[in-house]
Amino acid sequence: MMDSLSAAAPAAAHAPEFDFVLFGATGDLARRKLLPALFDAHAAGALHPRGRILALGSQPLSHDAYVAMLNDEVLPALAGNASAWQGFLERIVYLQVDANADAGFDALAELINARAAPVVVCYLATAPHLFATICAQLARVGLAGERSRVVLEKPLGHDLASSEAINAEVARHFAEDRIYRIDHYLGKESVQNLMAMRFGNVLFEPLWRREWVRQVQITIAEELGVERRGGFYDGIGALRDMVQNHLLQLLCMVAMEPPTSLSEDAIRDEKLKILKALRPIRTEDVAEKVVRGQYCRGAAGGNPVPGYASEPGIAPDSRTETFVAIRAEIANWRWAGVPFYLRTGKRMQSRVAEIVIHFHDVPYPLFPHPLGTMAGNRLVITLQPEESIRLYFLTKQPGDTQALLPASLDLQLTSAAPRVRRVGAYERLLLDVIRGRLGLFVRRDEQVQAWRWVATILKAWENTTAPPKPYTAGTWGPAASSALLSRDGQAWHEEM
Ligand code: BG6
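Just so you know, the residues in each chain are numbered from 1, in the order the chain's sequence is written. Reporting of local features is limited, given that this is a predicted model, to residues whose pLDDT is at least 70; pairs of side-chain atoms are given and counted only at 80 or more, and all residues count toward the totals for whole chains, interfaces and linings. For side-chain calculations, the full set of non-hydrogen atoms in the structure is used, while hydrogens and water are omitted.

Re the environment of Ala-175
Turning to step 1, where the next piece is worked out: Here Ala-175 is to be found in the loop between α6 (160-171) and β6 (179-181).
Turning to step 2, where the next piece is worked out: It is 9.1 Å that separates the C-alpha atoms of Ala-175 and Arg-149, two residues lying 26 residues apart in sequence. Secondary structure counts use DSSP, requiring at least four H or I residues in a row for a helix and at least two E residues in a row for a strand, with both numbered from the N terminus.

Structure follows, in structure tokens:
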């Protein structure tokens, strides 16, 4: 499946020798996602034996203290194969580096130059306001040259202007083909499978257009709340955290035209066309086409949980949204007039990420249709918690009747290839950076366009006195979210 794009290569094909410079190595992302992903790659034999991880943090930790922290906080959460852990630790060197002081960067350069690995990956898992300084420091010590790549974590800025300011600073030191803007949704197996499904089969593509598709829904629902990230999240909100990147990238994968090849720019060119074709939501239409919500006290997993405004690190009068639903439209020949409903939220009823393609009803109903029009053909692509593809259709109810019965064809993707090791999103993307594959990373023009599209929504929210609509934790969001669809005679997939 898409071998030229993906890093899901056999274990034997390990990546070239590398130095992986991890800025923010004591932070939440490094501990929860990046180090476990590198560990998985290590345990699978996918990393070059001499590849090193240079873990950089601002804390004055000894190497042993850093390793003790990893033993306490990373190791317990690793699934299986912890026997490889010792070997993994041997790859790690901790260095104290303050972005605003030269000394740490001088020491880093010395360490890297002593080995001269052909690939140097600089992963900036830090606050974005440090990106420019770090890149300038890397350039100063000669670490921004041809063998170096820089990985930028989101959020890249908080609006178009600030993200472009960061992009411009980074571009002073790194060429675009050495900048990897990460969106971990693009690394998910199921998202790549969407391409395989659409463009590796003849079955769906003829139907994948306005003539046959009535509406499309894309949902990323989380059961978790804001957790320990309150201080960070409160200045961000769901539109910047999830819509500007993950949801719009999924939309592109669903809606784009077939690329001319699987090369990185062929795919990114097609995604860009979709972002450009997204009909801007005018400020005066935001109240009608966009729902923003904030969770209040409720339940999660059967336990009571506090409302967003009572979470640690959140201002009690915060107007930050934890839920967004949007009615989007794509102005091109394939999709004109087809609503794309996008939705994401924290503290929702369950954790699910799915894409639902609703097809039109048959042109003329021959059968008695007591099920209502909503029970027709639907393709449900579930990305999380399980990967599956389910096609709903109508079949004859058994017995002495002509009535129809909904049925489905199910493809469980994990059981389709049970013995193949699953590669996590971050692992795949980190291996892609080491191997120099840009296809699953966001190009600057895509990012600009995505920010441009959300800008009018942000602006309208800044100028309104209306607070986000409350919803009870553990539900599917505010009632206005259902109303957004019912105005079109539609309903969210789980309400059908
Ligand atoms: C991150 C967001 O990008 O994605 C988080 O910053 C969110 O707020 C996370 O929880 C969701 O990712 P996943 O892979 O768990 O669905």
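Next, the rest of the story.
Thoughts on empty space enclosed by the protein
Turning to step 1, where the next piece is worked out: Definitions used for this entry: grid spacing 1 Å over protein atoms alone; cavity, a set of points where a 1.4 Å probe fits but cannot get out; pocket, an open set with protein on both sides within 12 Å along at least 5 of 7 lines; lining residue, one with an atom within 4 Å of a point. Grid points are joined across faces, edges and corners, and a volume is the space filled by probe spheres set on the points. For the structure on display, the rule yields three cavities of 30 Å³ or more.
Turning to step 2, where the next piece is worked out: Taken as a whole, the largest cavity encloses approximately 160 Å³ of empty space.
Turning to step 3, where the next piece is worked out: Residue lining of the largest cavity: 17 residues in total, with Lys-154, Gln-244, Asn-245, Val-442 and Gln-447 positioned closest to the centre.
Turning to step 4, where the next piece is worked out: Those elements that place two or more of their residues in the lining of the largest cavity are α9 (237-255) and α14 (444-462).
Turning to step 5, where the next piece is worked out: Any residue that is not Ala, Val, Leu, Ile, Met, Phe, Trp, Tyr, Cys, Pro, Asp, Glu, Lys or Arg is counted as polar, Gly included; the first ten are nonpolar and the last four charged. Of the residues in the lining of the largest cavity, the class split is seven nonpolar, four polar and six charged.

With respect to the side chain of Ser-162
Turning to step 1, where the next piece is worked out: With respect to the secondary-structure elements, Ser-162 resides in helix α6.
Turning to step 2, where the next piece is worked out: By the criterion applied in these results, polar contacts are pairs of N or O atoms within 3.5 Å in which, for protein atoms, one can donate a hydrogen and the other can accept it, and in which residues neighboring in sequence qualify only through two side-chain atoms. Within the local environment of Ser-162, its side chain forms a polar contact with the backbone nitrogen of His-158, the two atoms lying 2.8 Å apart.

Section: the site of the ligand
Turning to step 1, where the next piece is worked out: The nearness test applies per residue and asks whether one of its heavy atoms lies within 4 Å of the molecule or strand. Around the ligand, the neighbouring residues are Lys-154, His-184, Tyr-185, Lys-188, Glu-222, Arg-229, Asp-241, Met-242, His-246, Lys-346, Arg-351 and Gln-384.
Turning to step 2, where the next piece is worked out: In this structure, Lys-188 approaches the ligand through a side-chain N or O atom, which is 2.6 Å from an oxygen atom.
Turning to step 3, where the next piece is worked out: Arg-229 has a polar side-chain atom sitting 2.8 Å from an oxygen atom of the ligand.
Turning to step 4, where the next piece is worked out: The protein chains shown are the only cover counted for residues, whose accessible areas, like all others here, come from Shrake-Rupley with a 1.4 Å probe. If the ligand stood free it would expose 390 Å²; the protein chains cover 83% of that surface.
Turning to step 5, where the next piece is worked out: Considering every element that reaches the shell around the ligand, the biggest residue donor is α9, with three residues.

Everything listed here is a matter of geometry and, on its own, says nothing about what the molecule does.
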